[in-house]
Structure formats: structure tokens, C-alpha cells
Amino acid sequence: MRYFLDAEFNGFGGQLISLALVPEDQGGLPFYEALACVEPTSWVADHVLPVLQKLPVARSEVIAKLASYLRADPEPLVIADWPEDIAHTALLMITGPGWRLPSPRLIFELLDLPLFDSTVLSSVPHNACHDAVVLRTYVLGQERPSSR
């Protein structure tokens, strides 16, 4: 199944704050977790932390929940519109030196969507779950044949 990804992080190259995977199947449950952000940038403090809508948990808990979420899917395809979202997700796959989450196959797809702007389209901008939902809506809308 395809999952649409969004992540929020503490500035360019900063630590992960929240991550969401929204399944293509609109009836499926999303994955959404948050991590504590000890020293947020002023922009993050003003725009991301107020809209988390989720209490932060330990990184190890996020990793365990992500493993559980993806376990049932033998070939998950994770779609993102920003490379750093993929990088943060891939880093969650590393559980220790030489250890990673078990996954028979995990595919990441990076889309170039110059007309997509989650800040404009999202019902709660800078909330990773809401932004992932609007990414799904946008991509699926672009894939539908237009009725002329």
C-alpha cells in the first residue's frame, strides 16, 4: 500500500519533531507521533509546536510504534514531497549500531510537486498528520483522469 509522509523538524537539518504516514486507503488509520523538541527555533515554537495535537513520546517508542504500524504491510511504499521527510523516516529505521527495524521491503518515492503547498491546502498547516492528508488528497487528485 502507499503511505503519504510528512514530517516536522527543528529547522533545516534539525531534529525530528513529528512524523505522519497516511495510508492511501482513506479508511485506514494514520501513523502520527511526536518527539520532544528541547530547543526549538523561534519559527518552530511559533508554527509547529502549537499545532502538534499530540503529546511527545520517547524516540524508542516512536520506533516501536512505526515498526508495529508497518509490520502488516509486506511492501509499503512511502511517498513524500520533501527529501528531509524521507531522511528522518529512514533514520527511525535504525534501532542501534548494526540494527534496524525488520522490513522485507520498504520503498520511498520522492515527488516533485511544484504547485503543491501544504501551508495553503492543509486544514492545520505544519501539523504533520494534516499535511500528510493533504499530500494524499493532492497526489490522488492529480492521478485521477480529468473529465473533459
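From a predicted model like this one, the values you see are computed outputs, not experimental measurements.

1. Notes on the layout of surface pockets
- Considering only enclosed or pocket space, the largest pocket measures out at about 410 Å³ in volume.
- Considering the residues around the largest pocket, the lining is formed by 23 residues, among which Asp6, Ala7, Glu8, Ser118 and His126 are closest to the centre.
- Taken together, the elements giving at least two residues each to the lining of the largest pocket come down to strand 1 (2–9), helix 1 (42–47), helix 3 (83–92), helix 4 (118–121) and helix 5 (128–143).
- Examining the composition of the lining of the largest pocket, we find that 5 residues originate from one element, strand 1, more than from any other.
- In this structure, the second largest pocket occupies an estimated 160 Å³ of space.
- Around the second largest pocket sit 13 residues that line it, and Ala67, Leu70, Arg71, Pro102 and Ser103 are the ones nearest its centre.

2. A short note on the pairing of strand 4 (residues 77–80)
- Where burial is concerned, the two faces of strand 4 agree: the one with Leu77 and Ile79 and the one with Val78 and Ala80 are both buried.
- Two elements, strand 1 and strand 4, share 3 bridges in a ladder whose sense is parallel. Residue pairing across strands places Tyr3 opposite Val78, the latter belonging to strand 4.
- Sheet analysis places strand 4 next to strand 7 (residues 107–110), joined by 4 bridges and oriented parallel. When the sheet's bridge partners are listed, Val78 is paired in strand 7 with Phe108.

Rules used in this analysis
- Each chain carries its own residue numbering, running from 1 in the written order of its sequence.
- Selection of residues for local features in this predicted model requires a pLDDT of at least 70, selection of side-chain atom pairs for listing and counting requires 80 or more, and totals for whole chains, interfaces and linings are taken over all residues.
- For the side-chain quantities, the full set of heavy atoms in the structure was used; hydrogens and water were omitted.
- A pocket, in this scheme, is an open set of points on a 1 Å grid over the protein atoms alone with protein on both sides within 12 Å along at least 5 of 7 lines, while a cavity is a set where a 1.4 Å probe fits but cannot get out; residues line either one if an atom lies within 4 Å of a point.
- Grid points are joined across faces, edges and corners, and a volume is the space filled by probe spheres set on the points.
- By definition, any uninterrupted DSSP run of H or I lasting at least four residues is a helix, any uninterrupted run of E lasting at least two residues is a strand, and each is numbered from the N terminus.
- In this scheme, a residue with accessible area under 20% of its type's maximum is buried, one over 50% is exposed, and one in between is partly exposed, where area comes from a 1.4 Å probe on protein chains only.
- Strand pairing is defined by DSSP finding a minimum of two bridges between the two strands.

None of this, on its own, says anything about what the molecule does.
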